[in-house]
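Okay, here's what each chain looks like letter by letter:
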Amino acid sequence: MRLIPLLLILTFFSSITPAISQTSIDHYNSPDKLRVFIDGCERRDGGCDLDFIRTEITAVDFYRDNQKADVFLLINTNRSGGGGRQYQLIFSGQQNIHKGRADTLYVNNKQTDTDFEVREKLTRFIKLGLAPFVAKTIAGEEVEINMKTDSDMLEDTLQESVDPWNYWVFNMGSDANIELEELSSEINFGGDININRITDKWKISLSGRIDERLRRTIQKEPRVDDNGDPVLDGDGNQIIDEVVNNFDVSEFGFSHQLVKAISPQWSYGYDITGRQNTRFNYKFQASFRPAVEYNFFPEAVQNSRFLRVNYGVEVRNNNYVEETIYGALDETRVLHSLRASLGLNQRWGNLEVGYRFRNYLDDFNFWSTGLNIRAEVRITGNFSFYVRAEGNYVKDQIYLASGDFTEQDILSGRVTLPSAYNIDTRFGFNYRFGSNLNNFVNRRFFGRANFVGND
């Protein structure tokens, strides 16, 4: 008899379960389109082509306000060993059914890839990362995914494992600048070369740079006689003399660095540098700095965050253009330095902070310390604030030249004046308002003539 009530109960629940499931399905309404916010495309250190992405991906809506988006896509970039660029794509679901869902993809590009190839590959990976989110929208019903691969592409990928250059990368460049005014002219020209080899265990770099600044100024000075009285011409007007001043400021330098990784956090190596800088009174300076470094975060997350502390001892030989205020024309000094750097690329923005302390070991009265910070903080998707600041407290200007200098020497920057500190800052904000949708691309009449001066 007890079997009959049990059968009735099971029959009742089996009959209402489809109704409950059907009710749940009826009450779930898929959104029309996925709302996406992308951060990282406008960075000066190598962003992406947002116009191309919006043109190629039309199954989603791109939003200007990160707080109203279903998915937040953060794009971080970093230079790879072969001179190419690695993109880190962090997908974070933050609204409705997507909340809590996250994924990370990496896109590696070769140094020889063109801008077209880079943006094509990056956009393809963005599509792959957005696919699971788009699948839960009405627009996903119209999306077709081709899971075929190009066999030729796979063969090329396999062949890339054998590098004929053995990871060596060479870069050469030059630049020039000419400025002309009525009473002055300035010519700046320079060139540089960089040679690098970077693997997961070794980092080798050699670089050189040369700069030359030629400046010519004309001063108009009224002519006077020995008594200080004006000297007049035949018409009774005071004669004006033009005094020409020529200044030549030259700089060149080279550097070599070798770093060996001994664990995911620890590494050691050395830096060798040499330079000429007449503005800082260096006829030539050579230095050698062995150091050890610890990274608090593993290299696998260096695109998102890093915290490094570096300590080294440096030997410097200074050969001066003019005798210093301490009576030296050539000297060798030993100093040690501690450097720390913090970098973060997060949804709220990006931050880089650096700190340095150094002092000479033979005289602890000569020391300096400095702090620099670069940050961009997104208050909302429409409002952001940025700041770049560097400050140094200086008590080690052993290179200062003795003697008297003319006003022209000082104004032209040919010499450096004593200073207890130096500060350089720049800050500002950006605010956007209006429609949140950011889907359309229209490049008609894009840009203008690239004039350097006022227009």
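Here the structure is shown first, and the text comes after it.
Our subject in this report is the structure included herewith.

What counts, and where the lines are drawn
Residues numbered from 1 in each chain as written. Predicted model: local features only at pLDDT ≥ 70, side-chain atom pairs only at ≥ 80, totals over all residues. Heavy atoms only, no water. Helix = DSSP H or I, 4+ residues; strand = E, 2+ residues; numbered from the N terminus. Buried < 20%, exposed > 50% of the residue type's maximum accessible area, 1.4 Å probe, protein only. Contact = heavy atoms within 4.5 Å. Patch = residues over 30% accessible without salt bridge, like charges linked within 9 Å, V, L, I, M, F, W, Y side chains within 5 Å. Areas by Shrake-Rupley, 256 points an atom, 1.4 Å probe, with all protein chains shown as cover. Salt bridge = Lys/Arg side-chain N within 4 Å of Asp/Glu carboxyl O. Phe/Tyr/Trp six-rings, centres within 6.5 Å; stacked < 30°, edge-to-face > 60°. Lys NZ or Arg CZ within 6 Å of the ring centre and 35° of its normal. Polar contact = N/O pair within 3.5 Å; in protein donor to acceptor, adjacent residues only side chain to side chain. Core = buried A, V, L, I, M, F, W, Y, C linked by side-chain atoms within 4.5 Å. Pairing = 2+ DSSP bridges. Expected span 1.5 Å × (residues − 1). Bend = angle between axes of the 7 residues up to and from the residue.

So, on to the overall build of the protein. If you tally the helices and strands in the protein, you get five helices and 17 strands. Of all 455 residues assigned to the protein, the portion counted as buried reaches 31%. Relative to all contacts within the protein whose residues are 6 or more apart in sequence, the contacts with residues 24 or more apart total 59%.

For the rest of this paragraph, the subject is a nonpolar patch on the surface. Taken together, the side chains of I262, W266, Y268, V292, Y311, V313, V315, V334, L338, L361 and F364 present a nonpolar region at the surface, about 940 Å² in accessible area. Taken together, the elements giving at least two residues each to the nonpolar patch come down to strand 10 (266–277), strand 12 (305–320) and strand 13 (330–346). In terms of residue count, the dominant contributor to the nonpolar patch is strand 12 (three residues).

Under the counting rule described, the total for this entry stands at twelve aromatic pairs. The interplanar angle of 90 degrees and the centroid separation of 4.9 Å between the aromatic rings of Y294 and F296 together place this pair among those described as edge-to-face. Judged by relative accessible area, which is 25%, Y294 ranks as partly exposed. Ring centres of F357 and W367 lie 6.1 Å apart, and the angle between their planes is 35 degrees; on these two criteria the pair is classed as tilted. Here F357 is found in strand 14 (residues 349–360), whereas its partner W367 is found in strand 15 (residues 363–378), with ten residues between them in sequence. Counting every residue linked through ring pairs, the aromatic cluster contains F280, Y282, Y320 and Y399. When the ring centre of F133 is taken as reference, the NZ or CZ atom of R101 above it lies at 5.5 Å.

Examined against the element boundaries, N392 turns out to sit in strand 16 (residues 383–394). Apart from the residues within four sequence positions on either side, N392 is in contact with R356, T369, G370, A420, Y421 and N422. A polar atom in the side chain of N392 sits 3.1 Å from the side chain of E390.

Moving on to the nonpolar core. Burial of nonpolar side chains together is a common tendency in soluble globular proteins. Membership of the largest hydrophobic core comes to 25 residues, with the highest contact counts inside it found for L34, I38, I53, I75, L89, I126 and L130. Of all the elements in the fold, those that place two or more residues in this core are strand 1 (34–39), helix 2 (50–56), strand 2 (60–62), strand 3 (71–79), strand 4 (85–93), strand 5 (102–109) and helix 3 (115–134). If you tally residues by element for this core, the top one is helix 3, at six residues. Not counting chain neighbours up to four residues away, the residues in contact with I38 comprise L50, I53, F62, L73 and I75. Counting residues in each nonpolar core, the second largest holds nine residues, with Y360, F366, I398 and L400 among its members.

Bringing the environment of R216 into the picture now. Within the secondary structure, R216 sits in strand 8 (residues 202–222). Separated by 30 residues in sequence, R216 and E186 place their C-alpha atoms 6.4 Å apart. In this view, R216 contacts L183, S184, S185, V244, N245 and N246; residues no more than four positions away in its chain are not counted.

As a further point, take the pairing of strand 8. In terms of strand pairing, strand 7 (residues 184–198) meets strand 8 through 15 bridges, oriented antiparallel. Residue I193 lies in a different strand from strand 8, and its bridge partner there is G208. In textbook terms, the turn of a hairpin is the stretch between consecutive antiparallel strands, and for strand 7 and strand 8 this stretch comprises three residues. Pairing of strand 8 with strand 9 (residues 240–261) involves 21 bridges; the strand directions are antiparallel. Bridge pairing in strand 9 links K220 to E242.

With that settled, consider helix 3. For helix 3, built from 20 residues, the straight-helix expectation of 28 Å at 1.5 Å per residue is met to within 8% by its first-to-last C-alpha distance of 27 Å. At L128, helix 3 shows its largest kink, close to 25 degrees, and the proline P132 lies no more than four residues downstream. Considering only its buried residues, helix 3 is in contact with strand 1, helix 2, strand 2, strand 3, strand 4 and strand 5.

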